[in-house]
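The lines below spell out each chain.
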Amino acid sequence: MTSADLAAQAVETWQINARLNLYLLEAISDEGLGVQLPKGKKVAAQFAHIHNVRLMWLKAAAPDLLDGLAKLEDPAEKQRISDALTASAEAIAELLRRSYAADGKIKNFKPHATAFLGYMIAHEANHRGQVEVALRQAGAPLTDKVGYGMWEWGVR
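Since we're looking at a predicted model, the values are computed, not measured. (Residues numbered from 1 in each chain as written. Predicted model: local features only at pLDDT ≥ 70, side-chain atom pairs only at ≥ 80, totals over all residues. Heavy atoms only, no water.)

Describe the overall build of the chain, listing the residues and the values that go with them.
A tally of regular secondary structure across the chain gives five helices and zero strands. Mapped in sequence order, the helices and strands of the chain form the string α-α-α-α-α. Radius of gyration (C-alpha) of the chain: 16 Å, near the 15 Å computed for a compact globule of 156 residues. For the chain, the spread of C-alpha atoms along the three principal axes comes to 50 × 30 × 25 Å. Taking all 156 residues of the chain together, 44% fall into the buried category. In the chain, the proportion of contacts linking residues at least 24 apart, taken out of those at least 6 apart, comes to 66%. Accessible area for the chain stands at about 8500 Å²; split by element, carbon and sulfur atoms hold 55% of it. Distance between charge centres in the chain, computed from 18 positive and 18 negative side chains, equals 6 Å. (Helix = DSSP H or I, 4+ residues; strand = E, 2+ residues; numbered from the N terminus. Rg over C-alpha atoms; globule rule 2.2 N^0.38 Å. Buried < 20%, exposed > 50% of the residue type's maximum accessible area, 1.4 Å probe, protein only. Contact = heavy atoms within 4.5 Å. Areas by Shrake-Rupley, 256 points an atom, 1.4 Å probe, with all protein chains shown as cover. Lys, Arg positive; Asp, Glu negative; His and termini not counted. Charge placed at Lys NZ, Arg CZ, Asp CG, Glu CD.)

Shown next, in the form of structure tokens:
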């Protein structure tokens, strides 16, 4: 396998992760977006946080990729959240492509692009878990199809 193949797999892995966020978002009702754990963020704000952290890293590593992207402040509309997540996910994918095509590093992140990918996926998975817990505790758990579907990386 070539380094270009490995880079393509890394970007594809990121894109699967990004689609999982959208898969989860789509499964949540409009009312569910307002669910909140005590001392926690609303479900909608969890997704906004994911997007905003992506922007933070883009600002630090490749500010030119921020063109057309804006922070989400207290979003309530599912389509607005989805559009923002889609755009910021593509910008991160481009950051990864550039990194792997160059020296394999992400500016202002150590040690390398593959660790950055792991960091970003771990961060976003943590917030998907927080969303699931909030919905469950509010009496609006995810369906089994969605809960198990988030683990089907081969079809997302």
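Next comes the rest of the account.
If you had to explain the packing of helix α1 (residues 3-27) against helix α2 (residues 43-61) to someone new, which residues and values would you point to?
Relative orientation of the contacting elements α1 and α2 amounts to 155°, with a least axis distance of 11 Å. On the basis of the axis angle, α1 is roughly antiparallel to α2. The interaxial crossing formed by α1 with α2 has left-handed handedness. Residue-level contacts link Trp14, Ala18, Asn21, Leu24 and Leu25 of α1 to Phe47, Ile50 and Arg54 of α2. Residue composition of the contact of α1 with α2, grouped by class: six nonpolar, one polar and one charged. (Axes fitted to C-alpha atoms, helices over the stretch in contact; angles between N-to-C directions. Parallel < 35°, antiparallel > 145°, perpendicular 65-115°, else oblique. Left-handed = near helix turned anticlockwise from the far one by under 90°. Nonpolar A, V, L, I, M, F, W, Y, C, P; charged D, E, K, R; others polar.)

Give a description of the side chain of Lys78 that names residues and reports values.
Within the secondary structure layout, Lys78 lies in helix α3 (residues 78-101). Beyond its immediate chain neighbours, meaning those up to four positions away, Lys78 contacts Leu25, Glu26, Ile28, Ser29, Asp30 and Leu33.

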